[in-house]
Structure formats: C-alpha cells, structure tokens
Amino acid sequence: MIPSIGLAQRIVVKIGSALVVDQDEAAPRTAWLDSVAADIQALRARGADVIVVSSGAIALARRTLGLTQKRLRLEEKQAAAAVGQIRLAQAWAQALSARDLTAAQLLLTLDDTEDRRRYLNARETLTTLLSLRCVPVINENDTVATAEIRFGDNDRLAARVAEMMQADQLILLSDIDGLYTADPRRNASAAHIPVVDGITPEIEAMGGEPPPGYSSGGMRTKLAAARIATRAGCAMAIAIGNVERPLQSLERGARCTWFLPAPEGRTSRKRWIAGSLSPQGTLTVDAGAARALASGRSLLPAGVRMVEGVFERGDPVMILGPDGVMLGRGLSAYASTDAERIAGHRSDQIEAILGWRGRDEMVHRDDLVLG
C-alpha cells in the first residue's frame with residue numbers, strides 16, 4: 001500500500017537550503033515559507049504532529065560575512081552558522097506565528113543522537129514541545145559540530161529525528177520529484193521510480209554524486225536517510241519542494257518517490273535493547289507491576305520494590321519479578337540514586353521527593369522489552 005500523508009499522525013519534514021534561501025538575495029524566501037506554514041497549519045488542524053528539519057543558516061550569513069567562495073573551512077561554517085541561525089529562526093517564527101503556530105528551535109549534533117542520555121533528553125524535549133502544540137524547527141548545530149561528529153547534511157539528521165520520534169513519515173522536500181534510474185539532468189532516458197520497497201545495491205547505485213553549489217546533500221544522502229528511516233518503520237518520500245503548498249501538493253498526488261517502511265522496522269529498536277545492551281543494574285517489581293508490564297504498560301515507580309546497581313539515566317537495566325525471575329530489559333528514565341528515592345512512590349510524588357519533575361515512568365514501554 002502506497003503511503004498517504006493524509007493518514008500520518010507524526011510527520012518530519014526536511015527542507016534544504018536551496019528552498020529556504022533566495023540565493024540571489026541571500027534572504028529567506030518568505031512567501032514560500034508562508035505557504036509551508038499553511039501546510040503545517042492544515043496538518044495540525046487534523047491532529048497530526050509536525051517536526052521541521054530546516055537547513056539555511058550558513059547560506060543566510062555567507063554574504064553578510066563576505067564568505068562567498070564555494071567551499072568554506074569548518075571554522076568559517078561555524079561562524080556563518082552562528083550568524084545565520086538567528087535569521088533562520090526568525091524566518092520560521094514569523095511564518096508560523098502568522099498561522100497562530102508557535103515555533104521552537106532545537107540544534108542537534110550527531111553526538112546528541114548517539115549518546116543515550118542526550119538522545120533521551122532530545123526525545124523528551126521534542127515530545128513535550130509537541131504536547132504543548134509547538135512546531136519544533138531543528139537544524140544541525142554547525143557552530144560546535146566538528147568534522148568527526150557532524151551529520152554533513154540534514155537528510156540524515158531528519159532521518160535520525162524520525163527514528164527518535166517514531167514518526168510515521170519523513171518527507172524530504174527537494175528540487176527533484178523523486179528517485180530516477182539515472183540523473184535526469186544528464187540522461188534524458190532516466191526513468192522515475194514511484195515506489196521503492198527496499199534499499200538494494202541497485203537502488204544505492206542510483207544515488208550519483210552530490211549537486212554543485214551550497215548543498216551538502218544530493219540523492220546519495222537521501223538514500224542514506226531512506227535506509228535509516230525505513231529500518232525504523234517510517235515511510236519516506238522524496239518530493240518536489242519548489243512549488244507553493246508543497247505538502248498539500250504531495251497529499252493531492254504530486255509525483256514523488258515513496259520508500260516503504262521495513263516490515264519489522266518498529267521492532268528493530270526493541271531488538272537492539274533486548275539483544276545488545278549489558279544491564280547496568282536491576283529493578284525488582286511487585287506482582288501488580290509485573291501484571292501491568294505483561295499487559296503492555298510502562299513501569300511506574302510505585303511498582304518498584306528494589307533498585308540495585310549503579311546506573312545513569314538512559315542506561316539499560318534488568319527488570320525482575322517478585323520471585324527474582326527476569327521479566328525483561330529496558331532503559332531507565334532515572335539514575336540509580338534517584339530511582340532508589342522514588343521507588344515505591346506514586347508518580348505525582350516525584351517532584352516533592354527529588355525537587356524536580358521527571359518522567360512519570362521509571363521505564364517507558366517504548367524503552368522496554370519483555371522476555
């Protein structure tokens with residue numbers, strides 16, 4: 001079944017520099033951004049969560065700083081990002097506020113998605129922003145990223161965000177309407193591919209080389225993003241972006257390429273938790289909590305009877321039943337010292353005990369594998 005943006009409940013939209021920035025004026029394309037904001041407003045009105053991953057900070061600052069050469073040194077990119085990110089955030093804030101939407105800015109590096117605690121922090125922030133009806137606008141944190149840790153393109157960053165937030169769909173808005181058997185700008189016989197059900201070596205070979213200009217992406221990085229997203233159970237589309245109301249256009253059937261999610265994509269992260277993590281501690285639960293876990297619920301502090309080991313927030317722990325038999329594994333939402341203090345207490349008592357309010361769950365069901 002070909003995905004439909006109209007059915008998605010959580011969507012990540014990636015937008016590149018060439019769409020956000022008027023290269024001749026070195027300024028935001030405000031009219032186009034307004035049309036995207038109208039699309040986001042329509043999606044939000046029917047109950048969908050929308051997260052934007054937007055490039056453009058460096059491109060917005062190049063002329064101001066006199067950095068007009070094609071290739072910039074890393075430190076020049078970092079300086080341009082520091083200047084341009086302000087303009088980029090302002091552009092999105094203005095476009096979204098005109099539609100009664102609140103923009104929220106997040107800057108991430110690759111390291112933020114690789115480190116478990118920072119991954120959980122980013123996920124919690126995004127989840128809270130969505131619950132508060134904000135529209136998160138994410139960009140790579142080029143001001144501090146180094147050559148070793150930076151994504152290098154926002155296609156893969158968007159895919160990691162989609163994976164992190166368990167999005168239904170990732171939409172890469174581009175200057176091309178999908179994947180072709182060859183570069184259609186160089187080969188007139190290149191054929192458009194409407195649906196890809198798996199990233200094979202043959203599909204990867206169609207990636208070609210990165211385009212000239214300011215972009216650091218190209219089809220090659222879009223296919224890398226497709227591999228990340230589809231393995232996480234998220235459908236991905238490469239769609240034309242340089243039209244008015246591009247998301248509405250896609251919903252109405254504009255030509256694109258859909259990459260179908262892997263059949264077992266939603267369980268891949270839980271397989272990772274179950275099979276590749278060494279528990280740093282144990283949580284022994286009572287009979288009521290054991291029954292709740294068996295029915296698919298999260299582990300609440302009230303059901304925890306004993307905390308053993310030394311671990312930090314986001315570390316893997318083993319969960320034992322009242323008879324000492326292992327029930328499963330999960331990622332703890334609290335460090336061991338805090339877990340010991342709130343064990344056996346109701347979630348509404350956490351703030352009074354710790355002095356700050358964390359998650360209601362000791363181990364959320366999304367971070368839990370039984371058996």
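The structure this text deals with has already been given above.
A brief report on the enclosed structure follows. As the structure is a prediction and not an experimental result, all values here were calculated from the model. (Residues numbered from 1 in each chain as written. Predicted model: local features only at pLDDT ≥ 70, side-chain atom pairs only at ≥ 80, totals over all residues. Heavy atoms only, no water.)

## Some points on the overall build of the protein
Then comes step 1: When helices and strands are counted, the protein shows 14 helices and 17 strands.
Then comes step 2: A compact globule built from 371 residues would reach a C-alpha radius of gyration of about 21 Å, and the protein, at 22 Å, matches this within 12%.
Then comes step 3: Each principal axis of the C-alpha atoms in the protein carries an extent, and together these give about 70 × 40 × 40 Å.
Then comes step 4: Excluding contacts between residues fewer than 6 apart, the proportion of contacts in the protein whose partners are at least 24 apart in sequence is 72%.
Then comes step 5: As displayed, the protein offers around 16,800 Å² of accessible surface, 50% of which is attributable to carbon and sulfur atoms.
Then comes step 6: In the protein, which carries 44 positive and 44 negative side-chain charges, the distance between the mean positions of the two groups comes to 2 Å. (Helix = DSSP H or I, 4+ residues; strand = E, 2+ residues; numbered from the N terminus. Rg over C-alpha atoms; globule rule 2.2 N^0.38 Å. Contact = heavy atoms within 4.5 Å. Areas by Shrake-Rupley, 256 points an atom, 1.4 Å probe, with all protein chains shown as cover. Lys, Arg positive; Asp, Glu negative; His and termini not counted. Charge placed at Lys NZ, Arg CZ, Asp CG, Glu CD.)

## Some thoughts on the pattern of salt bridges
Then comes step 1: Tallied over the full model, the rule gives 19 salt bridges.
Then comes step 2: Here E124 ties to R359 by a salt bridge, and the two come within 2.8 Å at their closest N and O atoms. Of this pair, E124 sits in helix α6 (residues 116-131) while R359 sits in the loop between α14 (350-354) and β17 (368-370); the two residues are 235 residues apart in sequence, bridging distant segments of the chain.
Then comes step 3: By relative accessible area, R359 is classed as buried at 16%.
Then comes step 4: Ionic pairing is found between D183 and R186, a salt bridge with its closest N-O pair at 3.8 Å.
Then comes step 5: Overall, the relative accessible area of 25% leaves D183 in the partly exposed class.
Then comes step 6: Given the relative accessible area of 73%, R186 is considered exposed.
Then comes step 7: Overlapping salt bridges bring together R10, D49 and R133 as one network. (Salt bridge = Lys/Arg side-chain N within 4 Å of Asp/Glu carboxyl O. Buried < 20%, exposed > 50% of the residue type's maximum accessible area, 1.4 Å probe, protein only.)

## Observations regarding the side chain of E76
Then comes step 1: By the element assignment, E76 lies in helix α4 (residues 74-97).
Then comes step 2: In this structure, E76 is in contact with L67 and Q69, ignoring residues within four places of it in sequence.

## What to know about helix α12 (residues 287-294)
Then comes step 1: Within α12, the full set of buried residues consists of A289, A292 and L293. In a view along the axis of α12, the buried residues occupy a sector of 100 degrees, so they form one face of it. Of the exposed residues in α12, those oriented more than 90 degrees away from the buried face are R291 and A294.
Then comes step 2: The N-cap of α12, judged by a side-chain oxygen 3.3 Å from the amide nitrogen of G288 a few residues on, is D286. (Arc of directions from axis to C-beta. Polar contact = N/O pair within 3.5 Å; in protein donor to acceptor, adjacent residues only side chain to side chain.)

## Details of the sheet that holds strand β6 (residues 134-140)
Across a sheet, strands are paired by hydrogen bonds formed along the backbone, either parallel or antiparallel in direction.
Then comes step 1: Here 8 strands make up an open sheet; going across it, the order is β5-β6-β4-β1-β7-β11-β12-β10 and the pairing mixed. At either end of the open sheet lies a strand with only one pairing partner, and these are β5 (102-108) and β10 (195-196).
Then comes step 2: Examined bridge by bridge, β10 and strand β12 (residues 256-259) share 2 bridges and lie parallel to one another. Its bridge partner being in β12, V196 is matched across the sheet by F259.
Then comes step 3: Along the sheet, helix α2 (residues 30-45) contacts β1 (10-15), β4 (49-54), β6 and β7 (169-174); its crossing angle with β4, the most-contacted strand, is approximately 155 degrees. (Pairing = 2+ DSSP bridges. Axes fitted to C-alpha atoms, helices over the stretch in contact; angles between N-to-C directions.)

## Observations regarding the sheet that holds strand β13 (residues 281-285)
Then comes step 1: Pairing within the open sheet is mixed, and its 5 strands lie in the order β14-β13-β15-β16-β17. Looking at strand neighbours, the two that pair on one side only are β14 (304-309) and β17, the edges of this open sheet. The average undirected angle you get between the axes of adjacent strands in this sheet is 20 degrees.
Then comes step 2: Looking at chain direction, strand β15 (residues 316-320) and strand β16 (residues 326-331) are connected through 5 bridges and run antiparallel. By the bridge assignment for β16, I319 is matched with G328.

## Considerations on the packing of α2 against α4
Then comes step 1: Two elements in contact, α2 and α4, have axes whose closest approach is 8 Å; the angle formed by their N-to-C orientations is 55 degrees. Relative to α4, the element α2 lies oblique. α2 and α4 meet at a crossing whose hand is right-handed. Across the interface between the two elements, L33, D34, V36, A37 and I40 of α2 pack against A91, W92, A95 and L96 of α4.
Then comes step 2: Considered class by class, the residues forming the contact of α2 with α4 number 8 nonpolar, no polar and 1 charged. (Parallel < 35°, antiparallel > 145°, perpendicular 65-115°, else oblique. Left-handed = near helix turned anticlockwise from the far one by under 90°. Nonpolar A, V, L, I, M, F, W, Y, C, P; charged D, E, K, R; others polar.)

## Thoughts on the state of the cysteines
Then comes step 1: With the rule as written, the count across this model stands at 0 disulfides.
Then comes step 2: C234 provides the cysteine sulfur closest to C256, a residue in no disulfide bond, and the two sulfurs are 14 Å apart. (Disulfide = S-S within 2.5 Å.)

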